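# Observations on the model geometry
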Amino acid sequence: ELKVEQNPLFLSMQEGKNYTIYCNYSTTSDRLYWYRQDPGKSLESLFVLLSNGAVKQEGRLMASLDTKARLSTLHITAAVHDLSATYFCAVDIGGNQFYFGTGTSLTVIP
Amino acid sequence: DAMVIQNPRYQVTQFGKPVTLSCSQTLNHNVMYWYQQKSSQAPKLLFHYYDKDFNNEADTPDNFQSRRPNTSFCFLDIRSPGLGDAAMYLCATSRVSRLPYNEQFFGPGTRLTVL
């Protein structure tokens, strides 16, 4: 059974601090996506990672992909309150099939 | 603006009363997906259409059906909703092409309440 696990599930951090969210998956894939979801809202695409070693950055968020380790990270730099949301990774296994991670609920405290 | 639209945004139904959720897209994407997302859980893929080809996930209950009458529209039918079917239902689209990725675009979702 394919598993996509995120760590941590809940994260409370102070403004200005740095932290990393981890996404581990149990199958072979070189395509991984990160999404943000605000409470009661839909999913907003953040990053598309397409190969081993891929790194993408947007503002205070940076995502990377290590396909050999089956690991993706989402690094938060100098967190601000507006980043409070739930973050999901999703693994593309081909055939139009996507498996989402368990989600990480991030709360940034002033 | 090109987008994915879901109607209604909120749907209340009674236990056992059939309900249909609608999704439309102006992106001209060839793949449309339906996901179920229960509170504090990850979205779970129910099925998808690749053009007219229907692809059901193995663990999707028979109670859930889908129709795609044309490229732009896709419907989710829940034949006999149970209390456990209360969830947010997300529609997504993507374009399968020669590009090495298949990025999904999500609609705003329909929150279903079953009384």
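Everything in this summary refers to the structure shown in the same document. (Residues numbered from 1 in each chain as written. Chains lettered and ligands numbered in written order. Predicted model: local features only at pLDDT ≥ 70, side-chain atom pairs only at ≥ 80, totals over all residues. Heavy atoms only, no water.)

## What to know about the pattern of salt bridges
- Summed over all chains, the structure comprises five salt bridges over all chains.
- Lys 44 of chain B serves as the salt-bridge partner of Asp 59 of chain B, at 3.1 Å between the closest nitrogen and oxygen. Here Asp 59 of chain B, found in the loop between β6 (53–56) and β7 (64–67), pairs with Lys 44 of chain B, found in strand β5 (residues 44–50); they are 15 residues apart in sequence, far enough to count as distant.
- In this structure Asp 59 of chain B comes out as exposed when scored by relative accessible area, which is 52%.
- Three or more residues are tied together by salt bridges with common partners; here these are Asp 30, Arg 31 and Asp 92 of chain A. (Salt bridge = Lys/Arg side-chain N within 4 Å of Asp/Glu carboxyl O. Helix = DSSP H or I, 4+ residues; strand = E, 2+ residues; numbered from the N terminus. Buried < 20%, exposed > 50% of the residue type's maximum accessible area, 1.4 Å probe, protein only.)

## Describing the interface of chain A and chain B
- On the chain B side, the residues contacting the 21 residues of chain A number 23 residues.
- Summing both sides of the interface, chain A and chain B together bury roughly 1600 Å²; the carbon and sulfur share of this comes to 54%.
- Of all residues in chain A, the largest losses of buried area upon contact with chain B belong to Asn 96, Phe 98 and Phe 100 of chain A, amounting jointly to 34% of the total for that side.
- Here chain A and chain B share zero salt bridges between them.
- Inspection of the region where chain A meets chain B yields four residue pairs in polar contact (both at pLDDT 80 or more).
- The leading source of residues in the side of chain A that touches chain B is strand β10 (residues 97–100) of chain A, at four residues. (Contact = heavy atoms within 4.5 Å. Buried area = accessible area lost by both parts, 1.4 Å probe. Polar contact = N/O pair within 3.5 Å; in protein donor to acceptor, adjacent residues only side chain to side chain.)

## Some thoughts on the nonpolar core
- Ranked by size, the top nonpolar core spans 24 residues in total, and within it Leu 32, Trp 34, Leu 74, Ile 76, Tyr 87 and Leu 106 of chain A carry the most contacts.
- Elements supplying a minimum of two residues to this core: β2 (10–14), β3 (19–25), β4 (32–37), β5 (43–49), β7 (61–66), β8 (71–76), β9 (85–94) and β11 (104–109) of chain A.
- By size, the runner-up hydrophobic cluster in this structure holds 18 residues, among which are Leu 21, Phe 47, Leu 76 and Ala 87 of chain B. (Core = buried A, V, L, I, M, F, W, Y, C linked by side-chain atoms within 4.5 Å.)

## Examining the pairing of strand β4 (residues 31–37) of chain B
Residues and elements named next belong to chain B.
- Within β4, seven of the seven residues are buried, leaving the element largely enclosed by the surrounding structure.
- Neither face of β4 is open: one carries Val 31, Tyr 33, Tyr 35 and Gln 37, the other Met 32, Trp 34 and Gln 36, and all of them are buried.
- As paired strands, β4 and β5 are joined by six bridges and run antiparallel to one another. When the bridges of β5 are listed, Trp 34 appears paired with Phe 47.
- Counted along the chain from β4 to the antiparallel partner β5, the turn is six residues long, and its residue Ser 40 has a positive phi close to 60 degrees.
- Pairing analysis gives seven bridges linking β4 to strand β9 (residues 87–94), with the strands arranged antiparallel. (Pairing = 2+ DSSP bridges.)

## So, the side chain of Thr 110 of chain B
All names here are of chain B.
- Position of Thr 110 relative to the elements: it lies in strand β11 (residues 110–114).
- Given a relative accessible area of 0%, Thr 110 falls into the buried group.
- Reaching out from Thr 110, the side chain makes a polar contact with the backbone oxygen of Pro 8 at a distance of 2.5 Å.
- With near-sequence residues (within four places) excluded, Thr 110 lies in contact with Gln 6, Asn 7, Pro 8, Arg 9, Gln 11, Leu 21, Ala 87, Met 88 and Tyr 89.

## Quick notes on the sheet that holds strand β6 (residues 55–58) of chain A
All names here are of chain A.
- Taken in spatial order, the five strands make up an open sheet running β1-β3-β8-β7-β6, and their pairing is antiparallel. Each edge of the open sheet is held by one strand with a lone partner, namely β1 (4–7) and β6. Within the sheet, the average angular offset between the axes of one strand and its neighbour, ignoring direction, is 15 degrees. (Axes fitted to C-alpha atoms, helices over the stretch in contact; angles between N-to-C directions.)

## Examining the sheet that holds strand β3 (residues 19–25) of chain B
All names here are of chain B.
- Spatially, β1-β3-β8-β7 is the arrangement adopted by the four strands of the open sheet, whose pairing is antiparallel. Edge positions in the sheet fall to β1 (4–7) and β7, since each of these pairs with one other strand and no more. Between one strand and the next, the sheet's axes are offset by a mean angle of 20 degrees, whatever the strand orientation.

## Some details on the packing of aromatic side chains
- Enumeration according to the criterion identifies 13 aromatic pairs over all chains in this entry.
- Taken together, a centroid distance of 6.2 Å and an interplanar angle of 80 degrees make the contact between Phe 100 of chain A and Phe 106 of chain B edge-to-face. Of this pair, Phe 100 of chain A sits in strand β10 while Phe 106 of chain B sits in strand β10 (residues 105–106), each in a different chain.
- In this structure Phe 100 of chain A comes out as buried when scored by relative accessible area, which is 9%.
- A relative accessible area of 12% means that Phe 106 of chain B is categorised as buried.
- Measuring from ring centre to ring centre gives 5.3 Å for Phe 47 of chain B and Phe 54 of chain B, while their planes differ by 50 degrees; the resulting arrangement is tilted.
- What links up through ring pairs into an aromatic cluster is the set Tyr 33, Tyr 35, Phe 88, Phe 98 and Phe 100 of chain A together with Tyr 33, Tyr 35 and Phe 106 of chain B. (Phe/Tyr/Trp six-rings, centres within 6.5 Å; stacked < 30°, edge-to-face > 60°.)

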